[in-house]
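Structural overview for review
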Amino acid sequence: QVQVVESGGGLVQPGGSLRLSCAASVTIFSIYAMGWYRQAPGKQRELVATITSGGSTKYADSVKGRFTISRDNAKNTVYLQMNSLKPDDTAVYYCNLLLEGTTLLSWGQGTQVTVSS
């Protein structure tokens, strides 16, 4: 059964940084695009960043210049480096495999990010 496990969340002060990790138990990880999503309390889940199998990246306007998505195919892992964090970044962060923009897996547990002083 293919699944992803997110980790790396925590409590951080505004302006701080965190790096999230997402490990995927899939046979050929390198062929998949990957996406990071987040869901804040009372809001819909939103797309934060994507990375293709070739390494091309896209970001939501709200995180451009602050977040960086990357992948290590040897470790079946995708990362989200988050800098200059703001209270509005507080959410549960999820990752998923993508095929033509569509998520392939059921959502996992996610990892909680809380930005607060």
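Let us look at the structure shown here.

Rules of the game
- Residues numbered from 1 in each chain as written.
- Predicted model: local features only at pLDDT ≥ 70, side-chain atom pairs only at ≥ 80, totals over all residues.
- Heavy atoms only, no water.
- Helix = DSSP H or I, 4+ residues; strand = E, 2+ residues; numbered from the N terminus.
- Rg over C-alpha atoms; globule rule 2.2 N^0.38 Å.
- Buried < 20%, exposed > 50% of the residue type's maximum accessible area, 1.4 Å probe, protein only.
- Contact = heavy atoms within 4.5 Å.
- Areas by Shrake-Rupley, 256 points an atom, 1.4 Å probe, with all protein chains shown as cover.
- Lys, Arg positive; Asp, Glu negative; His and termini not counted.
- Charge placed at Lys NZ, Arg CZ, Asp CG, Glu CD.
- Pairing = 2+ DSSP bridges.
- Phe/Tyr/Trp six-rings, centres within 6.5 Å; stacked < 30°, edge-to-face > 60°.
- Lys NZ or Arg CZ within 6 Å of the ring centre and 35° of its normal.

This paragraph deals with the overall build of the chain. When its secondary structure is counted, the chain shows 0 helices and 11 strands. When the elements of the chain are put in sequence order from the N terminus, they spell out β-β-β-β-β-β-β-β-β-β-β. Here the C-alpha radius of gyration of the chain, 13 Å, is about what a compact globule of 117 residues would show, namely 13 Å. Referenced to the eigenvectors of the C-alpha coordinate spread, the extents of the chain come out at roughly 40 × 25 × 25 Å. Out of the 117 residues belonging to the chain, those deemed buried represent 39%. The long-range share in the chain, meaning contacts at least 24 apart out of those at least 6 apart in sequence, stands at 53%. In the form shown here, the chain has an accessible surface area of approximately 6,400 Å², with 47% of it arising from carbon and sulfur atoms. For the chain, the separation between the mean place of its 10 positive charges and that of its 7 negative charges on side chains is 3 Å.

Moving on to the pairing of strand β8 (residues 77-82). A large share of β8 lies buried, amounting to 5 of its 6 residues. Note that strand β3 (residues 18-24) and β8 share 6 bridges and pair antiparallel. Within β8, the residue paired with alanine 23 across the bridge is threonine 77. Here 6 bridges tie strand β7 (residues 67-72) to β8, and the two strands are oriented antiparallel to one another. Note on β8: the bridge partner recorded for isoleucine 69 is leucine 80. Turn length for the β7-β8 hairpin, with the two strands adjacent in sequence and antiparallel, is 4 residues, and the turn residue asparagine 76 shows positive phi of about 50°.

For the rest of this paragraph, the subject is the packing of aromatic side chains. Under the defined criterion, the tally for this structure stands at 2 aromatic pairs. Aromatic side chains tyrosine 94 and tryptophan 107 sit 5.8 Å apart centroid to centroid with 70° between the ring planes, which places their arrangement in the edge-to-face category. Taken together, the residues span a long stretch of sequence, with tyrosine 94 in strand β9 (residues 91-99) and tryptophan 107 in the loop between β10 (102-103) and β11 (111-115) at a distance of 13 residues. Ring pairing ties together the aromatic residues Tyr37, Tyr94 and Trp107, which thus form one cluster. The residue whose ring lies beneath arginine 19 is tyrosine 79, and the NZ or CZ to ring-centre distance is 4.2 Å. Positioned above the aromatic ring of tyrosine 94 is the side chain of arginine 45, whose terminal nitrogen or guanidinium carbon lies 4.5 Å from the ring centre.

For asparagine 76, which is not glycine, the phi torsion reads 50° and is therefore positive. Along the chain, asparagine 76 turns up in the loop between β7 and β8. Positive phi outside glycine occurs at glutamate 100, with the angle close to 50°. With relative accessibility at 81%, the residue glutamate 100 sits in the exposed group.

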